[in-house]
Amino acid sequence: MMSYKANFRVWRGDVDSGELRDYTVEVNEGEVVLDIIHRLQATQAPDLAVRWNCKAGKCGSCSAEINGRPRLLCMTRMSTFSAEETITVTPMRTFPVVRDLVTDVSFNYTKARQVPSFTPPEGLKAGEYRMEQVDVERSQEFRKCIECFLCQNTCHVIRDFEDNKPAFSGPRYLMRIAELDMHPLDVADRQKAAQEEHGLGYCNITKCCTDVCPEHIKITDNALIPMKERVADRKYDPLVWLGDKILRR
Ligand code: SF4
Ligand code: F3S
Ligand code: FES
């Protein structure tokens, strides 16, 4: 199939109101959904707002929902849809709309700032940082994150319950806390913070975050579940329990 006309339905509007608008637009072999959005801008809707940057799945800017599924516009091939299908493109649902496909993702930056950075033991000098290769490799998986916020957008804890936003930092930042907790040189109390300040207990391991991650990070299995286990170990460890009780007096 060289070239055909596809039916697109794109959400147009702003924070106050909006609607789905229908377009018929040319598609060529090898194109991705972002190409079609750009063609729409060039030919029929010059004021259509869309955020993008790299067109290579690496900047995390072009997150949206295609037929209701959170995806990167630049990594979704048109060949995954049939030529007859109407393709619906809407902004991420969990964050407030700025305009058209662009959302205000500042919730994520607020949550990022609430996670204290790597905290090595006091007095450790440059050259004294030593860790096992296995610990390096564990955190490397989490470092692949491109901050597209698709996992944050998908997690039902905040997608369906706006009121949970203050108490829940979402999978991306719980993963960051888990990464730091697994770091052999980090001395901050990540476990207590995860549970009490970042809402780890709200996660009921549905794994929807993992399903949508374009970097295929095993967010639930490799970060959230191990973090839950660490928190539980500590809670039910009689020595830690006694220590906490004495310190709280
Ligand atoms: Fe995106 Fe994956 Fe990072 Fe979540 S963990 S922000 S889905 S890259
Ligand atoms: Fe949400 Fe992922 Fe947990 S989708 S409920 S953070 S496993
Ligand atoms: Fe950079 Fe899509 S434009 S990830």
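Provided above is the structure to which this section pertains.
Please read all numbers here as calculations on a predicted model, not as lab measurements. (Residues numbered from 1 in each chain as written. Chains lettered and ligands numbered in written order. Predicted model: local features only at pLDDT ≥ 70, side-chain atom pairs only at ≥ 80, totals over all residues. Heavy atoms only, no water.)

1. Focus: the overall build of the protein chain
Then, in step 1: Per the secondary structure count, the protein chain includes 10 helices and seven strands.
Then, in step 2: For the protein chain, the spread of C-alpha atoms along the three principal axes comes to 70 × 40 × 30 Å.
Then, in step 3: Here the analysis covers contacts within the protein chain between residues at least 6 apart in sequence; of these, 63% occur between residues at least 24 apart.
Then, in step 4: For the protein chain, the computed accessible surface area is about 13,600 Å², with 51% contributed by carbon and sulfur atoms. (Helix = DSSP H or I, 4+ residues; strand = E, 2+ residues; numbered from the N terminus. Contact = heavy atoms within 4.5 Å. Areas by Shrake-Rupley, 256 points an atom, 1.4 Å probe, with all protein chains shown as cover.)

2. A look at the packing of helix α3 (residues 133-142) against helix α6 (residues 171-182)
Then, in step 1: The N-to-C vectors of α3 and α6 enclose an angle of 170°; their axes lie 10 Å apart at closest approach. The angle between α3 and α6 falls in the class roughly antiparallel. Together, Asp135, Arg138, Ser139 and Phe142 of α3 and Met175, Glu179 and Met182 of α6 make up the contact between the two elements.
Then, in step 2: Split into classes, the residues belonging to the contact of α3 with α6 amount to three nonpolar, one polar and three charged. (Axes fitted to C-alpha atoms, helices over the stretch in contact; angles between N-to-C directions. Parallel < 35°, antiparallel > 145°, perpendicular 65-115°, else oblique. Nonpolar A, V, L, I, M, F, W, Y, C, P; charged D, E, K, R; others polar.)

3. Quick word on the sheet that holds strand β2 (residues 18-28)
Backbone hydrogen bonds are what pair the strands of a sheet, in a parallel or an antiparallel way.
Then, in step 1: An order of β2-β1-β5-β3-β4 is seen for the five strands of this open sheet, with the pairing classed as mixed. A single partner strand is all that each edge strand has here, and the edge strands are β2 and β4 (69-72). With strand direction ignored, the average angle separating the axes of adjacent strands in the sheet is 35°.
Then, in step 2: Bridge count for strand β3 (residues 63-66) against strand β5 (residues 86-90) is two bridges, and the pairing is antiparallel. Along β5, the bridge assignment pairs Ile66 with Val89.
Then, in step 3: Contacts between helix α1 (residues 33-43) and the sheet are confined to β1 (3-13), β2, β3 and β5, with β2 contributing the most and set at about 105° to the helix. (Pairing = 2+ DSSP bridges.)

4. A closer look at the pairing of β2
Then, in step 1: Relative to β2, β1 runs antiparallel, the two being bridged by 11 bridges. In the sheet register, Tyr4 faces β2, and the bridge partner there is Val27.
Then, in step 2: Remark: four residues form the turn of the hairpin made by β1 and β2, two consecutive strands paired antiparallel.

5. Description of the site of ligand 1
Then, in step 1: Taken together, Cys145, Ile146, Glu147, Cys148, Phe149, Cys151, Arg172, Met175, Cys213, Pro214 and Ile219 make up all the residues around ligand 1.
Then, in step 2: In terms of residue class, the shell around ligand 1 is built from nine nonpolar, no polar and two charged. (Near = heavy atom within 4 Å.)

6. Structural notes on the site of ligand 2
Then, in step 1: Residues in contact with ligand 2, as listed here, are Cys155, His156, Pro171, Cys203, Asn204, Ile205, Thr206, Lys207, Cys208, Cys209, Thr220 and Leu224.
Then, in step 2: Class assignment of the residues belonging to the shell around ligand 2 gives a composition of seven nonpolar, four polar and one charged.

7. Observations regarding α3
Think of an α-helix as 3.6 residues a turn; residues three or four steps apart then line up on the same face.
Then, in step 1: Those residues of α3 that sit buried are Asp135, Ser139, Glu141 and Phe142. On an axial view of α3, the arc spanned by its buried residues comes to 145°, and they lie on one face. (Buried < 20%, exposed > 50% of the residue type's maximum accessible area, 1.4 Å probe, protein only. Arc of directions from axis to C-beta.)

8. Some remarks on α6
Then, in step 1: Its 12 residues place the ends of α6 16 Å apart at the C-alpha level, agreeing with the 16 Å of an ideal helix rising 1.5 Å per residue.
Then, in step 2: The buried fraction of α6 amounts to 12 of the 12 residues, a majority that puts the element mostly inside the structure. (Expected span 1.5 Å × (residues − 1).)

9. Quick word on the side chain of Asp100
Then, in step 1: Here Asp100 is to be found in the loop between β6 (97-99) and β7 (102-103).
Then, in step 2: Residue classification places Asp100 among the buried positions, given a relative accessible area of 2%.
Then, in step 3: At a separation of 2.8 Å, a polar atom in the side chain of Asp100 contacts the main-chain amide nitrogen of Ala49. (Polar contact = N/O pair within 3.5 Å; in protein donor to acceptor, adjacent residues only side chain to side chain.)

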